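Okay, here's what each chain looks like letter by letter:
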Amino acid sequence: MQRYQHGDVAAFGELYRRHSHGLYRFIAWQSPRADWVDEVAQDSWASLHKAAERYEVQASFRTYLYQIARNRLIDLLRQHQSLLASELGGAEDSPHAALERLGEASADTPETALAEKQRAAQLQAAIGTLPAEQREALVLQQFSGMSLEEIAVLTGAAQETVKSRLRYAMQKLRAALTYEGEQA
């Protein structure tokens, strides 16, 4: 980021290459509407470009970028609260539809592909039932590879709070997935 800040345009390409998929996954998991994911991702990169001159290293670049996306998503949520209240629960507007498009299961046989897709759907459903703070911490750690410290900085919570959120999230996921497995 510092190279880009000083005029190295190729550095922006490298930042995008390294962080675009993780950022997209993070937004897809956090967004209540699939049609917002692309908008928030694009706005995040545009905001990063605009803020390049003012960038100061305070945390990891990834934390900085995800904070931009998180703030943009919060703004959208505030602007569209009444719209969301009427639309939540609509199957075609699943918050994970964009994530599904990003990483379709690849397998050797149709049976394997179906099994992978079913496991992914079960996991998505289980994660979707978590409280927002637990889901956010889990997604940041497991899907974005952030450390406890980075999650704490991004969410504004103490590291111990982040640990607790992750512990509770994992307990709830284990219980939900065990219950799903017993029903099958």
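Here the structure is shown first, and the text comes after it.
The model shown is predicted, which means the values in this text are computed figures rather than measured ones. (Residues numbered from 1 in each chain as written. Predicted model: local features only at pLDDT ≥ 70, side-chain atom pairs only at ≥ 80, totals over all residues. Heavy atoms only, no water.)

Q: Go over helix H4 (residues 61–79), please, and point to the residues and values.
A: Across its 19 residues, H4 extends 27 Å between first and last C-alpha, which sits within 8% of the 27 Å expected from 1.5 Å per residue. On the buried face of H4, the contacting elements are helix H2 (9–30), helix H3 (34–51), helix H8 (132–143) and helix H9 (148–155). (Helix = DSSP H or I, 4+ residues; strand = E, 2+ residues; numbered from the N terminus. Expected span 1.5 Å × (residues − 1). Contact = heavy atoms within 4.5 Å.)

Q: Account for the packing of H2 against H3, naming residues and giving values.
A: Contact geometry for H2 and H3: axes closest at 10 Å, N-to-C directions at 145 degrees. The handedness of the crossing between H2 and H3 is right-handed. The segment H2 lies against H3, with Phe 12, Leu 15, Tyr 16, His 19, Ser 20, Leu 23, Tyr 24, Ile 27 and Ala 28 engaging Val 37, Asp 38, Val 40, Ala 41, Ser 44, Trp 45 and Leu 48. Taken together, the residues that form the contact of H2 with H3 break down as twelve nonpolar, three polar and one charged. (Axes fitted to C-alpha atoms, helices over the stretch in contact; angles between N-to-C directions. Left-handed = near helix turned anticlockwise from the far one by under 90°. Nonpolar A, V, L, I, M, F, W, Y, C, P; charged D, E, K, R; others polar.)

Q: Could you give an account of the nonpolar core, with specific residues and numbers?
A: Core analysis: the biggest nonpolar cluster contains 41 residues, and Met 1, Ile 27 and Tyr 66 have the highest contact counts within it. For this core, the secondary structure elements donating two or more residues are H2, H3, H4, helix H7 (110–128), H8, H9 and helix H10 (159–183). In terms of residues, this core owes the most to one element, H2, which gives eight residues. With residues near it in sequence (within four places) discarded, Met 1 still touches Leu 15, Leu 48, Ala 52, Tyr 55 and Phe 61. (Core = buried A, V, L, I, M, F, W, Y, C linked by side-chain atoms within 4.5 Å. Buried < 20%, exposed > 50% of the residue type's maximum accessible area, 1.4 Å probe, protein only.)

Q: Tell me about the packing of H2 against H4, and name the residues and values.
A: Across the interface, H2 lies against H4 with an axial gap of 10 Å and an inter-helix angle of 40 degrees. In terms of their interaxial angle, H2 and H4 are classed as oblique. Seen from above, H2 lies across H4 with right-handed handedness. Along the contact surface, H2 presents Leu 15, His 19, Gly 22, Leu 23, Phe 26, Ile 27 and Gln 30, while H4 presents Phe 61, Arg 62, Leu 65, Tyr 66, Ala 69, Arg 70 and Leu 73. Broken down by class, the residue content of the contact of H2 with H4 amounts to nine nonpolar, three polar and two charged. (Parallel < 35°, antiparallel > 145°, perpendicular 65-115°, else oblique.)

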